[in-house]
Amino acid sequence: MGGNGASDYRRRYALDIYGGDRFKQVGMIGNNKVVSTSVNDNTSIPMNNFSSKMYYVASPKNSTKIVAIAFYSGRTHKIVKSIDLIYDKSGNLVPFKQVKRKGKIHKTGTHTHIWSGYTEKGKVGRKSHDKKNYFEPTKIDMKYIKKALKYNQEHQK
């Protein structure tokens with residue numbers, strides 16, 4: 001019989017709204033899964049999650065390098081926040097910074113996004129290049145970022 005989530009369909013669906021073999025678990029950080037997409041496209045973060053309140057998301061090209069951290073609502077299981085980890089060519093984390101160029105503020109480096117829900121359709125999303133939805137990581141976010149960097153360092157080949 002099995003418990004909640006024991007069926008293969010439910011296990012696959014827990015990783016993404018599209019189901020199937022789109023995401024796979026490649027590691028663990030404490031009680032949190034490190035997942036990676038098997039498809040290299042714009043949907044690199046699972047939109048829904050039934051098994052945890054967060055995932056560390058590894059690069060599809062390198063499953064030992066975490067490129068994002070996703071947080072989910074405990075009530076709706078939909079993504080509510082993500083942290084994008086930005087690295088330089090040497091593999092070092094680029095910190096968040098605001099630079100003024102030509103009278104405009106440009107934000108660069110590691111940053112967070114808030115995801116909004118579209119309740120009438122049951123979907124979640126955000127505008128890709130919305131400059132108003134580009135935030136500096138908080139002290140709590142930095143705790144998770146440090147765990148991701150430690151994982152990256154421990155799994156280097």
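The rules behind each value
- Residues numbered from 1 in each chain as written.
- Predicted model: local features only at pLDDT ≥ 70, side-chain atom pairs only at ≥ 80, totals over all residues.
- Heavy atoms only, no water.
- Pairing = 2+ DSSP bridges.
- Helix = DSSP H or I, 4+ residues; strand = E, 2+ residues; numbered from the N terminus.
- Axes fitted to C-alpha atoms, helices over the stretch in contact; angles between N-to-C directions.
- Contact = heavy atoms within 4.5 Å.
- Salt bridge = Lys/Arg side-chain N within 4 Å of Asp/Glu carboxyl O.
- Buried < 20%, exposed > 50% of the residue type's maximum accessible area, 1.4 Å probe, protein only.
- Phe/Tyr/Trp six-rings, centres within 6.5 Å; stacked < 30°, edge-to-face > 60°.
- Lys NZ or Arg CZ within 6 Å of the ring centre and 35° of its normal.

Our next topic: the sheet that holds strand β2 (residues 32-37). What the six strands build is an open sheet, ordered β1-β2-β3-β4-β5-β8; its pairing is mixed. The outermost strands of the open sheet, each flanked by one partner alone, are β1 (23-29) and β8 (111-114). Neighbour-to-neighbour, the strand axes of this sheet turn through a mean angle of 25 degrees, independent of strand direction. Across five bridges, strand β4 (residues 66-72) lies against strand β5 (residues 79-84) in antiparallel orientation. In the sheet register, Ala68 faces β5, and the bridge partner there is Asp84. Against the sheet, helix α2 (residues 139-154) contacts β1, β2, β3 (54-58), β4, β5 and β8, and its axis sits at roughly 140 degrees relative to β4.

The next subject is the pattern of salt bridges. Here the idea is simple: oppositely charged side chains can pair when their charged atoms come close. For the structure on display, the rule yields one salt bridge. A salt bridge links Lys81 to Asp141, with the shortest nitrogen-to-oxygen separation between them at 2.8 Å. Taken together, the positions of Lys81 in strand β5 and Asp141 in helix α2 put the pair 60 residues apart, joining distant regions of the chain. For Asp141, a relative accessible area of 3% gives the class buried.

Enumeration according to the criterion identifies three aromatic pairs in this entry. A centroid spacing of 5.2 Å and a plane angle of 70 degrees characterise the contact between Phe71 and Tyr144, whose relative ring orientation is edge-to-face. Of this pair, Phe71 sits in strand β4 while Tyr144 sits in helix α2, and the two are 73 residues apart along the sequence. For the pair Phe71 and Tyr144, a shared accessibility class is recorded, and that class is buried. Each ring, one from Phe96 and one from Tyr134, has its centre 6.3 Å from the other, and the planes form 40 degrees; the classification is tilted. Residue Phe96 is found in the loop between β5 and β6 (97-101), and its partner Tyr134 is found in the loop between β10 (123-125) and α2; the two are separated by 38 residues along the sequence. One Lys or Arg, Lys81, reaches over the ring of Phe71 and ends 6.0 Å from the middle of that ring.

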